Amino acid sequence: MARIVAADDDDGTQQFYSMELNSISSVSDSTLGQLLKNVSDVRKLAIGDETPVHESFNQDNNDDHLMQTVPFVLSFDNLTYTVSIRQKLNFRDLIPRRKTEDPEIAQTVTPKTKTLLNNISGETRDGEIMAVLGASGSGKSTLIDALANRIAKGSLKGTVKLNGETLQSRTLKVISAYVMQDDLLFPMLTVEETLMFAAEFRLPRSLPKSKKKLRVQALIEQLGIKNAAKTIIGDEGHRGISGGERRRVSIGIDIIHDPILLFLDEPTSGLDSTSAYMVVKVLKRIAQSGSIVIMSIHQPSHRVLGLLNRLIFLSRGNTVFSGSPASLPRFFAEFGSPIPENENRTEFALDLIRELEGSAGGTRGLVEFNKKWQEMKKESNRQPPLTPPASPYPNLTLKEAIAASISRGKLVSGGESASAAISTATAATTLTVPAFANPIWIEILTLSKRSMLNSRRQPELFGIRLASVVITGFILATVFWRIDNSPKGVQERLGFFAFAMSTMFYTCAEALPVFLQERYIFMRETAYNAYRRSSYVLSHAIVAFPSLIFLSVAFAATTFWAVGLDGGPMGFLFYCLIILASFWSGSSFVTFLSGIVPHVMIGYTIVVAILAYFLLFSGFFINRNRIPDYWIWFHYMSLVKYPYEAVLQNEFSDATKCFVRGVQIFDNTPLGVLPEVMKLRLLDTVSRSLGTTISSSTCLTTGSDILTQQGVTQLSKWNCLLITVGFGFFFRILFYFCLLLGSKNKRR
């Protein structure tokens, strides 16, 4: 059995443990944070090192004398959870009805609430696996969520205690882990890399990288996935590890810090019998290392049942059995439905429960029988309430027990972060600062490294995006090849700029699935403070920015000289900057939307619609002066407006450059089809009428005139650039608040 303990020999271990517990007992009035500090000080003296040392040992069940784990008992009493049901609006509901006091008629009204858990009680201790069983909809996952504090405060009634003391939310975050039903992993990372990144997040900075690697290697051995350590996780398009190995990796991510409490939502779902057995066997080893393991399971095989210690059967939120697997035959025999020989006990129990659920009386009789049976067991002292098992130090409080457990190797991520978090939760203070294993810059660095590594192994994604930008630029360059400075050329320039700037934003729509694919990974990792949400937002922006630079330069180089834009080298530089700013703001806008929308297709629909509105109000189709007052606000909110006005100023800012000379004034009018001689005569007539001289070479429209005609007079091109960049930061901040408010990962 793999175990993470302090590095000492056999005698030194016992002496070290005694020194710590004596120190703990002498300061029983201190906060847990102070106790942890004492533990850390003693450990440093014992090993002569400034950092906590954790070694991995492989030991059999007969070698328990090497280490006596600190006892823990988790108990929960009268857990009740009720949710409101949304009423469907029927046509009959619109018709007023006469009130009635007839109880039979009143019972026909659909209830507005549904009870998912109804007075559920039980207890388990370290070294044991408690399994929650039942049919779909029985409340298995709900009970796991209730014990793991994944139900909003105030919605759940009842108590959850550890060693007789109520568990605080912040303490539970530090000492526990939750494994979701789905395997949420980055597909292009190897098994070893996945666990190593988990170690970087959950283990403290004070622990050397070599120690973290040792912890990962020990965990790989413990999970039985050594042969797959160098294999990528894989997905639908990339061959990777098997389903059973994926499940064990998912478990490994959450137990990298060796938690005291481990919750799992159907860890064997979708696995074959052998893979399911291997997963539960790994959980058994984890439990024997001093953890409390609680999981929901649908229908365990005979071999899996042999690894379980306690069972709770649920039926529509009620407990129909609670006890050890060995007591199942006697329970159902006394109920009047004995289990036949050579039949799987859990299969028989679940089939009987389903049969009763379909009957008129439901499982009410079985629920009442279970209550009487539990009372009979308690009266006969056959099943006394659990107490911490015998140990040399039986009088530890919860905070002392956690401190001692950390000193014995549990909670590798304890250190300073765990001390601060638990002391904050247990001391009489008002501090609300959450505990994290690493500072924010370490989190940003690790998140960025992981994202870039995962992206680098999928170069086709960036290649397709780059190809689409280059192809679009090539098409625009060939369509608007070498535009002249005639009135028609001016109109063509305006069309090119409007299409080019909107292309920047539409190209950014590909960023939509990025967070939607990572959403549940993010929620799982932040639920137990693996890293800060702000770290994720910053690293997300850092990783995305380099690719935007390549895309901007590629598009600018493809179109600037081919179209014949003005400005020279400085004009090209500004052209690159405004394209980069457009990519930045567009990417930030789409990222913000990905934090709101629940589905990719819904997101694409919203993105396309909003970007179309931005283009409509950008000033190309209708000048600012002609937009109705009740829509002018959308003009100033348009992301396309500012890049569009910036490139117009970059192109037409030269006051000496002429775009309409002499007879060109008749272009784009019905008079444009007249012969050149007739145009000169008309121009001479206009000159005499105005009392001025207008020849065929007289400049009638400069770049400044064009800007005035287009209504581009309020902001300079540099102000437009800054506003576009500011929009990018604004939407990143909104994305952060979306993550802060929308990723609580708790039931209401």
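Residues numbered from 1 in each chain as written. Predicted model: local features only at pLDDT ≥ 70, side-chain atom pairs only at ≥ 80, totals over all residues. Heavy atoms only, no water.

Caption draft 1: Molecular detail of the overall build of the chain. Helix and strand counts for the chain come out as 27 helices and 14 strands. Considering the chain as a whole, with its 748 residues, one finds that 52% of them fall into the buried category. For the chain, the accessible surface area stands at approximately 35,600 Å², while carbon and sulfur atoms represent 56% of it. (Helix = DSSP H or I, 4+ residues; strand = E, 2+ residues; numbered from the N terminus. Buried < 20%, exposed > 50% of the residue type's maximum accessible area, 1.4 Å probe, protein only. Areas by Shrake-Rupley, 256 points an atom, 1.4 Å probe, with all protein chains shown as cover.)

Caption draft 2: Layout of the packing of helix H18 (residues 487-507) against helix H24 (residues 641-652). Put simply, H18 and H24 touch, their axes get as near as 9 Å, and they point 140° apart. Here H18 is positioned oblique relative to H24, judged by the angle of their axes. For the crossing formed where H18 meets H24, the hand is right-handed. In contact with Val490, Arg493, Leu494, Phe497, Ala498, Met501 and Phe505 of H18, H24 contributes Pro643, Tyr644, Val647, Leu648, Glu651 and Phe652. Of the residues belonging to the contact of H18 with H24, the class tally is eleven nonpolar, no polar and two charged. (Axes fitted to C-alpha atoms, helices over the stretch in contact; angles between N-to-C directions. Parallel < 35°, antiparallel > 145°, perpendicular 65-115°, else oblique. Left-handed = near helix turned anticlockwise from the far one by under 90°. Contact = heavy atoms within 4.5 Å. Nonpolar A, V, L, I, M, F, W, Y, C, P; charged D, E, K, R; others polar.)

Caption draft 3: Focus on the packing of aromatic side chains. A complete count under the given rule lists 41 aromatic pairs for this structure. Following the ring pairs from residue to residue traces out a cluster consisting of Phe589, Phe592, Tyr613, Phe614, Phe617, Trp631, Trp633, Phe634, Tyr642, Phe727, Phe730 and Phe731. We note Arg303 situated over the ring of Tyr277; from NZ or CZ to the ring centre the distance is 4.2 Å. The aromatic ring of Tyr642 is capped on one face by Lys641, whose charged end is 5.1 Å from the ring centroid. (Phe/Tyr/Trp six-rings, centres within 6.5 Å; stacked < 30°, edge-to-face > 60°. Lys NZ or Arg CZ within 6 Å of the ring centre and 35° of its normal.)

Caption draft 4: The arrangement of the pairing of strand S8 (residues 176-179) in detail. Residues of S8 alternate between two faces, with Ser176 and Tyr178 on one and Ala177 and Val179 on the opposite face, all of them buried. Where S8 lies against strand S9 (residues 261-265), four bridges are found, and the strand directions are parallel. Along S9, the bridge assignment pairs Ala177 with Leu262. (Pairing = 2+ DSSP bridges.)

Caption draft 5: View of the side chain of Thr194. If you trace the backbone, Thr194 turns up in helix H6 (residues 191-202). The exposure class assigned to Thr194 is buried, which follows from its relative accessible area of 8%. Ignoring any residue separated from it by four or fewer positions in sequence, one finds Thr194 in contact with Leu185, Leu189, Ile233, Val249 and Ile253.

Caption draft 6: Structural context of the pattern of salt bridges. Scanning all chains against the criterion turns up 19 salt bridges. Residues Asp145 and Arg150 are paired through a salt bridge, measuring 3.2 Å at the closest nitrogen-oxygen approach. Take Asp145 and Arg150: they sit in the same class, and that class is buried. The partner of Lys657 in a salt bridge is Asp566, and the shortest N-O contact between them spans 3.6 Å. Of this pair, Lys657 sits in the loop between H24 and strand S13 (658-661) while Asp566 sits in the loop between helix H20 (533-563) and helix H21 (568-594), and the two are 91 residues apart along the sequence. With relative accessibility at 18%, the residue Lys657 sits in the buried group. (Salt bridge = Lys/Arg side-chain N within 4 Å of Asp/Glu carboxyl O.)

Caption draft 7: Structural detail: empty space enclosed by the protein. Evaluated as defined, the whole model comprises six cavities of 30 Å³ or more. Size it by volume and the largest cavity reaches roughly 160 Å³. Lining the largest cavity are 17 residues, and of these Ala198, Ile253, Arg450, Arg524 and Glu525 lie nearest its centre. Only H6, helix H8 (243-254) and helix H19 (512-527) provide two or more residues apiece to the lining of the largest cavity. Among the residues forming the lining of the largest cavity, the class breakdown is eleven nonpolar, one polar and five charged. (1 Å grid on protein atoms, 1.4 Å probe; cavity = no way out; pocket = protein on both sides within 12 Å on 5 of 7 lines; lining within 4 Å. Points joined across faces, edges and corners; volume = space filled by probe spheres on them.)

Caption draft 8: The confidence of the model for the chain, seen in detail. Chain-level pLDDT for the chain is 80 on average; 81% of the residues reach the 70-or-more range. Note on residues 1-67: pLDDT is under 50 here. Beyond four places in sequence and across chains, it has 129 contacts. A low-confidence stretch, residues 414-434 (pLDDT under 50), is modelled with 35 contacts involving residues beyond four sequence positions or located in other chains. (pLDDT = per-residue confidence, 0-100.)

Caption draft 9: Summary view of the environment of Ile85. Note on placement: Ile85 falls in the loop between strand S3 (73-84) and helix H3 (103-107). The class of Ile85 is partly exposed, set by a relative accessible area of 35%. Along the backbone, Ile85 and Thr113 are 28 residues apart, and their C-alpha atoms lie at a distance of 5.3 Å.

Caption draft 10: Examining helix H9 (residues 273-288) more closely. In a regular helix each residue adds 1.5 Å, so 16 residues correspond to 22 Å; H9 covers 22 Å between its end C-alpha atoms and thus fits that length. Buried within H9 we find Ser275, Ala276, Tyr277, Val279, Val280, Val282, Leu283, Lys284, Ile286 and Ala287. Looking at the buried positions of H9, the neighbouring elements they touch are strand S5 (129-133), helix H7 (209-223), H8, S9, strand S10 (292-296) and helix H10 (302-305). Of the residues one or two after H9, Gly290 is the one with positive phi, at around 110°. (Expected span 1.5 Å × (residues − 1).)

Caption draft 11: Structural context of the layout of surface pockets. Here the largest pocket is characterised by a volume of approximately 1,400 Å³. Every residue lining the largest pocket is counted, 42 residues in all, and those nearest its centre are Asn454, Ser455, Gln458, Leu461 and Val514. Every element with two or more residues in the lining of the largest pocket is listed here: helix H16 (440-456), helix H17 (459-479), H19 and H20. Sort the elements by how many residues they give to the lining of the largest pocket and H20 lands first, with nine residues.

Caption draft 12: Looking closely at the sheet that holds strand S6 (residues 156-162). Pairing in this open sheet of four strands is antiparallel, and the strands run S4-S3-S6-S7 from one edge to the other. The open sheet has two free edges, formed respectively by strand S4 (113-125) and strand S7 (165-166), since each of these has just one partner strand. Looking at chain direction, S3 and S4 are connected through nine bridges and run antiparallel. By the bridge assignment, Ser75 is partnered in S4 with Glu123.

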